[in-house]
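Reading the structure
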Amino acid sequence: QVLLVESGGGLVQAGGSLTLSCAASGTIFSINTMAWYRQAPGEQRELVARIFNTGHTNYANSVKGRFTISRDNANQMVFLQMNSLKPDDTALYLCNLVQDLGRGDYWGQGTQVTVSS
């Protein structure tokens, strides 16, 4: 089993920055994908950014150039540096880990990010 714990959310003014962290524990295989999703009230969950164990990354168009995803494989952590935050970025941000060969798809409880205008 895998446990994901997010931290770093909070209230920030538009234009500000936040860094989210996600710590993974349990049985984690070396080939996996870690990602950040977000879900605003009444909206569908959407992918924000994804990083493969190779370091390759994908970003939603809405955050390209503002957000940066990174990972620390040795400590089984993933980060999301968020700059130039906008009110539209307000959401619950959730960490996701997908292990290869169908060996599990895990979610954290989320951390709230609120951007005031």
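Residues numbered from 1 in each chain as written. Predicted model: local features only at pLDDT ≥ 70, side-chain atom pairs only at ≥ 80, totals over all residues. Heavy atoms only, no water.

Our next topic: the pattern of salt bridges. A complete count under the given rule lists 4 salt bridges for this structure. With a closest N to O distance of 2.6 Å, E46 and R38 form a salt bridge. Here E46 falls in the partly exposed class, since its relative accessible area comes to 34%. By relative accessible area, which is 5% here, R38 ends up buried. For D89, the salt bridge goes to R66, with nearest N and O atoms at 2.8 Å. Highlighted residues: D89 in the loop between β8 (77-82) and β9 (91-99) and R66 in the loop between β6 (57-59) and β7 (67-72), separated in sequence by 23 residues. Each member of the pair, D89 as well as R66, is classed as buried. (Salt bridge = Lys/Arg side-chain N within 4 Å of Asp/Glu carboxyl O. Buried < 20%, exposed > 50% of the residue type's maximum accessible area, 1.4 Å probe, protein only. Helix = DSSP H or I, 4+ residues; strand = E, 2+ residues; numbered from the N terminus.)

Now for the sheet that holds strand β1 (residues 2-7). The sheet built from 4 strands is open, its strands ordered β1-β3-β8-β7 with antiparallel pairing. Pairing within the sheet leaves two strands with one partner each, and these edge strands are β1 and β7. The sheet shows a mean angle of 15 degrees between the axes of neighbouring strands, direction not considered. Sheet topology note: the strand β3 (residues 18-26)/β8 ladder contains 6 bridges and is antiparallel. Bridge pairing in β8 places L20 opposite L80. (Pairing = 2+ DSSP bridges. Axes fitted to C-alpha atoms, helices over the stretch in contact; angles between N-to-C directions.)

What follows concerns the side chain of N96. Summarising the element assignment, N96 is placed in strand β9. Assessed through its relative accessible area of 4%, N96 is described here as buried. A distance of 3.0 Å separates a polar atom in the side chain of N96 from the backbone oxygen of Y106. For N96, the contacting residues outside a window of four places in its chain are L4, T33, M34, A35, Y37, D105, Y106 and W107. (Polar contact = N/O pair within 3.5 Å; in protein donor to acceptor, adjacent residues only side chain to side chain. Contact = heavy atoms within 4.5 Å.)

Of note, Y106 is situated in strand β10 (residues 105-107). Since its relative accessible area comes to 17%, Y106 is described here as buried. Expressed as a C-alpha distance, the spacing of Y106 and N53, which sit 53 residues apart in the sequence, is 16 Å. Each residue touching Y106, except ones within four places of it in the same chain, is listed here: Q1, V2, L4, C95, N96, L97 and Q99.

The next point concerns the packing of aromatic side chains. Within the structure shown, the criterion is met by 1 aromatic pair. Just above the ring of W107 sits the side chain of R45; from NZ or CZ to the centre is 4.5 Å. Seen from the ring of F29, R103 lies directly overhead, with NZ or CZ sitting 3.8 Å from the centre. (Phe/Tyr/Trp six-rings, centres within 6.5 Å; stacked < 30°, edge-to-face > 60°. Lys NZ or Arg CZ within 6 Å of the ring centre and 35° of its normal.)

The analysis is restricted to geometry; functional conclusions fall outside its scope.
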